[in-house]
Amino acid sequence: MTTSSPARRRVAVTGAASGIGKALADMLRAQGDDVIGVDLKDAEVCADLGTPAGRQEAVRAVLERSEGVLDAVIACAGISAQVPATIAVNYFGVTELLQGLRPALARAEAPRAAFVGSIVGTKSVAPEVVEACLAGDEPAALAAAAALAERGQGGALYPASKTALARWLRRTSVTDEWAGAGIPLNAVGPGVVLTPMHAAVARTEEQRRIVAQAVPMPLHGHAEPEVIARALRWLTSEENTHVTGQVLYVDGGAEVVLRGPDRI
Ligand code: NAI
């Protein structure tokens, strides 16, 4: 097994201005890595990953700053609103960015990639949205998402974005472009993480009770963002030579509780 190299690695992190992405960017900088943060604001590259033009700009600017070579790309940016933009940011903002930066990864000696999924990505919801995502048809995915939101089912959009990501991961990670090019591609699936995103959906005692019931975490309870950042750091380190296509649930046991003991 390869051991960690002390060499300074060049890493792009989306969502670097807050929560999990910020914890990860801080951690990587503290170990000496050259981090190119991408976010709406307060980042090296400011771009809106919710639009095709914003993603293109993000890819262009990251390639410029990295001189076309990246040791790792880690996509953390996301939103949880019950609107179609959640599909645009969470699914297309991850997959298009990773695909756009893949050539720069392929030029590195030990490239790695990862993104943040979720425990809710284990749910079978909004199949029409998920299928349009997997077909790479953003206009169709957004139209299907808008139709759901109009019917008052916008709550399915966040889980749908993460389910589509988990399925994209399994299809993509073992292709010639990724595994064949020596690039492990994985995800971390958190349960509840104590970030601004969580604070926004758990403002009242009743909301916190509903979240705790939906995501049972018998081991250590809700996690600080550094917990997720450490798992992302390992998956994208040189130490990870053979893990690919996996969602690593860092969720205090939620996935096991929710899916049951007999799933393998
Ligand atoms: P956060 O709200 O603290 O940070 C998200 C970051 O993404 C922010 O800096 C925000 O500006 C950026 N972002 C949002 N939309 C963007 C856009 N269109 N373009 C560029 N940047 C954009 O949230 P948190 O909790 O750190 O979330 C990070 C990831 O973790 C997300 O993918 C989220 O779905 C996932 N996650 C979070 C959980 C939680 O309980 N907090 C649980 C499971 C998954």
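What comes next is a walk through the structure.

### A word on the overall build of the protein
So, point 1. Per the secondary structure count, the protein includes 10 helices and seven strands.
So, point 2. Relative to a compact globule of 264 residues, whose C-alpha radius of gyration would be 18 Å, the protein shows 17 Å and is just as compact.
So, point 3. C-alpha extents for the protein along the principal axes are approximately 50 × 40 × 35 Å.
So, point 4. The 264 residues of the protein split such that 50% are buried.

### Regarding the pairing of strand β2 (residues 34-39)
Regular strands place side chains that alternate from one sheet face to the opposite one.
So, point 1. Counted residue by residue, β2 has five buried out of six residues, so it is predominantly covered.
So, point 2. With five bridges connecting them, strand β1 (residues 10-14) and β2 associate as parallel partners. Bridge pairing in β2 places A12 opposite I36.
So, point 3. Taken together, the two bridges between β2 and strand β3 (residues 45-46) define a ladder with parallel strand orientation. In the strand pairing of β3, D39 is matched with C46.

### What to know about the packing of helix α3 (residues 85-106) against helix α5 (residues 138-150)
So, point 1. As a packed pair, α3 and α5 sit with axes 11 Å apart at the nearest point and diverge in direction by 160 degrees. The orientation of α3 relative to α5 falls into the category roughly antiparallel. The crossing of α3 and α5 is right-handed. Residues I87, A88, F92 and E96 of α3 touch α5, and the partners they reach there are E138, A141, L142 and A145.
So, point 2. Along the lines of polarity and charge, the residues of the contact of α3 with α5 split into six nonpolar, no polar and two charged.

### Considerations on the sheet that holds β2
So, point 1. Here seven strands make up an open sheet; going across it, the order is β3-β2-β1-β4-β5-β6-β7 and the pairing parallel. This sheet does not close on itself; its edge strands, each paired only once, are β3 and β7 (247-250).
So, point 2. Where strand β5 (residues 112-116) lies against strand β6 (residues 185-190), four bridges are found, and the strand directions are parallel. In the sheet register, V116 faces β6, and the bridge partner there is V188.
So, point 3. Against the sheet, helix α1 (residues 19-30) contacts β1, β2, β4 (72-75), β5 and β6, and its axis sits at roughly 165 degrees relative to β1.
So, point 4. Strands β1, β2 and β3 of the sheet are contacted by helix α2 (residues 52-66), whose axis makes an angle of about 165 degrees with β2.

### Brief notes about the environment of R209
So, point 1. Looking at the element boundaries, R209 is found in helix α8 (residues 205-214).
So, point 2. Placed 164 residues apart in sequence, R209 and V45 show a C-alpha to C-alpha distance of 37 Å.

### Focus on the site of the ligand
So, point 1. Neighbouring the ligand are 28 residues, the closest being S18, D39, D48, Y158 and T195.
So, point 2. Contact between the ligand and K162: an oxygen atom at 2.9 Å from a side-chain N or O atom of the residue.
So, point 3. At 2.8 Å, a backbone N or O of V193 approaches an oxygen atom of the ligand.
So, point 4. In isolation the ligand offers 830 Å² of accessible surface; the protein chains occlude 90% of this area.
So, point 5. Broken down by secondary-structure element, the contributors of at least two residues to the shell around the ligand are α1, α6 (157-172) and α7 (196-201).

### Some points on α6
So, point 1. Its 16 residues place the ends of α6 22 Å apart at the C-alpha level, agreeing with the 22 Å of an ideal helix rising 1.5 Å per residue.
So, point 2. Buried residues dominate α6, accounting for 13 of its 16 residues.

### Details of the pattern of salt bridges
So, point 1. For the structure on display, the rule yields 14 salt bridges.
So, point 2. Two residues, R209 and E206, come together in a salt bridge whose shortest N-O distance is 3.1 Å. Highlighted residues: R209 and E206, both in helix α8, separated by three residues, approximately one helical turn.
So, point 3. Owing to a relative accessible area of 42%, R209 belongs among the partly exposed residues under this scheme.
So, point 4. Each of R10, D34 and E67 takes part in a single network of salt bridges with overlapping partners.

### Digging into the nonpolar core
So, point 1. In terms of nonpolar packing, the biggest core is built from 45 residues, with L70, I87, L98, F115 and V129 touching the most fellow members.
So, point 2. Tallying contributions element by element places α3 first for this core, with nine residues.
So, point 3. Ignoring anything within four residues of it in the chain, the contact list for L70 reads R10, A12, I36, V62, L101, A104, L105, A108 and P111.
So, point 4. Counting 23 residues, the second-largest nonpolar core is a separate cluster that includes V13, L24, C76 and V193.

### Quick look at the state of the cysteines
So, point 1. One pass over the structure, following the stated rule, counts zero disulfides.
So, point 2. No disulfide involves C46; its sulfur sits 16 Å from the nearest other cysteine sulfur, which is in C76.
So, point 3. For C76, a relative accessible area of 15% puts it in the buried group.

About the criteria used
- Residues numbered from 1 in each chain as written.
- Predicted model: local features only at pLDDT ≥ 70, side-chain atom pairs only at ≥ 80, totals over all residues.
- Heavy atoms only, no water.
- Helix = DSSP H or I, 4+ residues; strand = E, 2+ residues; numbered from the N terminus.
- Rg over C-alpha atoms; globule rule 2.2 N^0.38 Å.
- Buried < 20%, exposed > 50% of the residue type's maximum accessible area, 1.4 Å probe, protein only.
- Pairing = 2+ DSSP bridges.
- Axes fitted to C-alpha atoms, helices over the stretch in contact; angles between N-to-C directions.
- Parallel < 35°, antiparallel > 145°, perpendicular 65-115°, else oblique.
- Left-handed = near helix turned anticlockwise from the far one by under 90°.
- Contact = heavy atoms within 4.5 Å.
- Nonpolar A, V, L, I, M, F, W, Y, C, P; charged D, E, K, R; others polar.
- Near = heavy atom within 4 Å.
- Polar contact = N/O pair within 3.5 Å; in protein donor to acceptor, adjacent residues only side chain to side chain.
- Areas by Shrake-Rupley, 256 points an atom, 1.4 Å probe, with all protein chains shown as cover.
- Expected span 1.5 Å × (residues − 1).
- Salt bridge = Lys/Arg side-chain N within 4 Å of Asp/Glu carboxyl O.
- Core = buried A, V, L, I, M, F, W, Y, C linked by side-chain atoms within 4.5 Å.
- Disulfide = S-S within 2.5 Å.

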